[in-house]
Amino acid sequence: MIIEIVSFNCHPRIDRDKMIRRALGTSDLWTNFPGLVRKIFVRDRDSLAITAKYLWETLKDANKGHNAA
């Protein structure tokens, strides 16, 4: 398994509902993506920074996913 962590360039004070809408807007791209086990959005409670965690079956899958995004 491979874990990929991606930081997003968005305003740290983005509204929670807006953040959720943006995350849901990416679901079509990542639903049933080959090799992707799970994608998790994380918002740090203190800094409000937003990251996504991707859990991939293999490094090859992660590289394909990264190139598709």
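Cut-offs used in this document
Residues numbered from 1 in each chain as written. Predicted model: local features only at pLDDT ≥ 70, side-chain atom pairs only at ≥ 80, totals over all residues. Heavy atoms only, no water. Buried < 20%, exposed > 50% of the residue type's maximum accessible area, 1.4 Å probe, protein only. Helix = DSSP H or I, 4+ residues; strand = E, 2+ residues; numbered from the N terminus. Pairing = 2+ DSSP bridges. Core = buried A, V, L, I, M, F, W, Y, C linked by side-chain atoms within 4.5 Å. Contact = heavy atoms within 4.5 Å. Phe/Tyr/Trp six-rings, centres within 6.5 Å; stacked < 30°, edge-to-face > 60°.

### Here's the deal with the pairing of strand β3 (residues 50-56)
Among the seven residues that make up β3, five are buried, leaving the element largely enclosed by the rest of the structure. In this sheet, β3 lies alongside strand β1 (residues 2-7) in antiparallel orientation, the contact comprising six bridges. For I3, the partnering residue across the bridge sits in β3 and is L55. Relative to β3, strand β2 (residues 36-43) runs antiparallel, the two being bridged by seven bridges. Residue K39 lies in a different strand from β3, and its bridge partner there is Y54. In textbook terms, the turn of a hairpin is the stretch between consecutive antiparallel strands, and for β2 and β3 this stretch comprises six residues, one of which, L48, has a positive phi near 65°.

### Overview of the nonpolar core
Judged by nonpolar contacts, W30, F33, L36, A52, Y54, W56 and A62 together constitute the single largest core of seven residues. Once residues within four sequence positions are removed from consideration, L36 is found in contact with W30, Y54, L55 and W56.

### Quick word on the packing of aromatic side chains
On inspection of all chains with the given rule, the structure shows five aromatic pairs. Taking the centre distance of 6.1 Å and the plane angle of 70° together, the rings of W30 and W56 count as edge-to-face. On the criterion of sequence distance, the pair formed by W30 in helix α2 (residues 27-30) and W56 in strand β3 is long-range, its members being 26 residues apart. Just as W30 is buried, W56 falls in that class too.

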